[in-house]
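Close look at the chain arrangement
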Amino acid sequence: MKLGFVSDSLGSLPFEEMLDHAARLGCDGVEVNTCGWSTAPHFDLAAMLESADKRTAFRSAFESRGLKVISLNANGNPLHPTDPKQGEGLKDTIRVAGALGIKTVCTMSGLPAGSPSDSMPNWVVSSWPPETQTILHYQWEQKLNPFWTEIAALCAEHGVDRIALELHGNQCVYNVPSLLKLREAIGPVIGANLDPSHLFWMGADPLVAAEALGPALYHVHAKDTLLNAPVQATTSLLENGSLMDIPARSWSYITLGFGHGEEWWRQFCYRCLMAGYDGWLSIEHEDVLLNSLEGLEKSVALLKAVMPSAPSDFKPQDI
């Protein structure tokens, strides 16, 4: 496995300084945010799309430090009913990835409105009352499948082999069955970006999910979640309070090891190996209580202690 982090983890730092820290920490690469829910402080998508010189300078900044571009990350809602810029940002990210020779783009599946007359995204998480099924049929058959058919063709045109969809709340693809459903409809260009932090608060088990995804596991975001049991006991894990008020929440994103310890992360790495995944572990630091650099340093140290980094060479002796 290879270790890196999402560029927004150090979003307050200039591009070159962010890369310097990646090299200092002994990371192998950085995953770069391009648009959507990120202001993309380290990546000017429009300029990168237009200028070969800027793309060359971008790659050179990585190569001069012995780093790789893990992937481009266009996280957002590409099917937002009133904000087409998010979908266009994903398409431009794919075009730039192709020009840079980057084979993996990370993003979200998208969440449309619940009907043609709606103007807000609608996330269905239950099977009752009956209109929920009407909403799901509209979202998948009229919005999701046509959009991703178009995106698959764009990927083929620009040489992008993999779209890694984050299993994330408020998206049509948020768990293993919904990922596999879209993959079956669109093809193997679609795979999963497995971020344990989201599965924790949705009540799933990331260890089992890794094995269930198998060859559909394309990318991993290393992010942890604190499950605040005393609050959860009365509010459940359906939480809509401020992300900044950790004591009041039933769950919060947190530095690696502060929600689940080293033993859990050791098991997670091994389960990913069991599923056939030996790719990137990309840390996404979103802990509001810890300093960003300190939290990233602690997360890197934890993963270095548990992640396999050399190829297996064991074989039974001839006896």
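One can find the structure itself at the top, above this paragraph.
In this report, we go over the structure that sits alongside the text. What you see is a predicted model; the values in this text were computed from it and never measured.

1. Structural notes on the overall build of the chain
Along the chain, the regular secondary structure elements total eleven helices and ten strands. Here the C-alpha atoms of the chain give a radius of gyration of 20 Å, agreeing with the 20 Å that 2.2 N^0.38 yields for 319 residues. Across the 319 residues in the chain, those meeting the buried criterion constitute 52%. In the chain, 77% of the contacts between residues at least 6 apart in sequence involve partners at least 24 apart. Entry remark: accessible area of the chain is about 14,500 Å², with carbon and sulfur atoms responsible for 54%.

2. Here we look at the side chain of His21
Structurally, His21 can be placed in helix α1 (residues 15–24). Among the residues examined, His21 registers a relative accessible area of 14% and is labelled buried.

3. Brief notes about unusual backbone geometry
Residues Trp128 and Pro129 are joined by a peptide bond in cis, for which omega reads 5 degrees. Along the chain, Pro129 falls in the loop between β4 (104–107) and α5 (131–158). Located in the positive-phi region is Asn170, a residue other than glycine, with phi close to 60 degrees. By the element assignment, Asn170 lies in the loop between β5 (162–166) and α6 (176–186). The phi dihedral of Ser236 is positive, around 75 degrees, even though this residue is not glycine. Within the secondary structure layout, Ser236 lies in the loop between α9 (229–235) and β9 (251–254). Taking relative accessible area as the criterion, Ser236 reaches 29% and is therefore assigned partly exposed.

4. Remarks on the nonpolar core
Core analysis: the biggest nonpolar cluster contains 81 residues, and Trp148, Leu194 and Leu303 have the highest contact counts within it. Here this core gets eight residues from one element, more than from any other, and that element is α5. Excluding anything up to four places from it in sequence, Trp148 contacts Leu90, Thr107, Met108, Ser109, Ile163, Leu165, Leu182, Ile186 and Ile190.

5. Side note on the packing of α5 against α6
Axes are the key here: two packed helices are described by the angle between their axes and the distance separating the axes. Relative to each other, α5 and α6 sit at 60 degrees, their axes nearing to 10 Å. When the axes of α5 and α6 are compared, the pair comes out oblique. You can see that α5 and α6 cross each other, and the crossing is right-handed. In this structure, α5 uses Trp140, Leu144, Asn145, Trp148, Thr149 and Ala152 to contact α6, whose residues at the interface are Ser178, Lys181, Leu182, Ala185 and Ile186.

6. A word on the sheet that holds strand β10 (residues 280–283)
If you trace the eight strands once around the closed barrel, you get β1-β2-β3-β4-β5-β6-β7-β10, paired in parallel fashion. Neighbour-to-neighbour, the strand axes of the sheet open up by a mean angle of 30 degrees, direction not taken into account. Note: strand β1 (residues 2–6) against β10, four bridges, orientation parallel. Bridge pairing in β10 places Leu3 opposite Leu281. Along the sheet, helix α10 (residues 262–274) makes contact with β6 (190–194), β7 (217–222) and β10, crossing β7 at roughly 170 degrees.

7. Describing the packing of aromatic side chains
Following the criterion strictly, the structure yields 13 aromatic pairs and no others. Aromatic side chains Phe43 and Phe58 sit 5.2 Å apart centroid to centroid with 85 degrees between the ring planes, which places their arrangement in the edge-to-face category. Taken as a pair, Phe43 in the loop between β2 (29–33) and α2 (45–50) and Phe58 in helix α3 (residues 52–63) lie far apart in primary sequence, 15 residues in all. Both rings, one in Phe147 and one in Trp148, keep their centres 5.2 Å apart while their planes meet at 90 degrees; by these two values the pair is edge-to-face.

8. Observations regarding the pattern of salt bridges
Scanning the entire structure with this criterion turns up 15 salt bridges. Put simply, Asp83 and Lys85 hold a salt bridge, and the shortest N to O gap is 3.0 Å. On the accessibility criterion, Lys85 (64% relative accessible area) is exposed. Glu88 serves as the salt-bridge partner of Lys91, at 3.5 Å between the closest nitrogen and oxygen. With Lys91 and Glu88 both in helix α4 (residues 85–100) and three residues apart, the pair spans about one turn of that helix. Given the relative accessible area of 10%, Lys91 is considered buried.

9. Side note on α1
Those residues of α1 not exposed but buried are Phe15, Met18, Leu19, His21 and Ala22. Axial view of α1: buried residues confined to an arc of 155 degrees, hence all on one face. On its buried face, α1 is in contact with β1, β2, α3 and α11 (292–306). Taken from the residues just after α1, Gly26 is the one with a positive phi, measuring 80 degrees.

Procedures and definitions
- The written sequence of each chain sets the order in which its residues are numbered from 1.
- Totals for whole chains, interfaces and linings use every residue, but because this is a predicted model, local features are given only for residues with pLDDT of at least 70 and side-chain atom pairs only at 80 or more, for both listing and counting.
- Note that water and hydrogens are dropped before the side-chain values are worked out from all heavy atoms of the structure.
- Helix numbers and strand numbers start at the N terminus; a helix is a DSSP run of H or I with at least 4 residues, a strand a run of E with at least 2.
- With C-alpha atoms as the basis for the radius of gyration, the globule rule is written as 2.2 Å multiplied by the number of residues raised to the power 0.38.
- Under the scheme applied here, a residue whose accessible area is under 20% of the maximum for its type counts as buried, over 50% as exposed, and between as partly exposed, the area being computed with a 1.4 Å probe on protein chains only.
- For this analysis, residues touch if any pair of their heavy atoms sits within 4.5 Å.
- To measure how exposed things are, a 1.4 Å probe is used in the Shrake-Rupley method; for residues, cover is taken only from the protein chains shown.
- Throughout, nonpolar core names a set of buried Ala, Val, Leu, Ile, Met, Phe, Trp, Tyr and Cys residues whose side chains join them through atoms within 4.5 Å.
- Orientation is described by axes fitted as lines to C-alpha atoms, over the contacting stretch for helices, and by angles from 0 to 180 degrees between their N-to-C directions.
- Should an angle fall under 35 degrees it is taken as roughly parallel, and over 145 as roughly antiparallel, whereas 65 to 115 is taken as roughly perpendicular and any remaining angle as oblique.
- Handedness of a helix crossing follows the sense of rotation of the near helix relative to the far helix, less than a right angle counterclockwise being left-handed and clockwise being right-handed.
- Pairs of strands are assigned from DSSP output, requiring at least two bridges between the strands.
- Two rings belonging to Phe, Tyr or Trp (six-membered ring only in the last case) form a pair when the distance between their centres is within 6.5 Å. Interplanar angles under 30 degrees mark stacking, angles over 60 mark edge-to-face geometry, and anything in between is tilted.
- We define a salt bridge as a contact between a side-chain nitrogen of Lys or Arg and a carboxyl oxygen of Asp or Glu at a distance within 4 Å.
- The arc in question is formed by the directions pointing from the helix axis toward the C-beta atoms.

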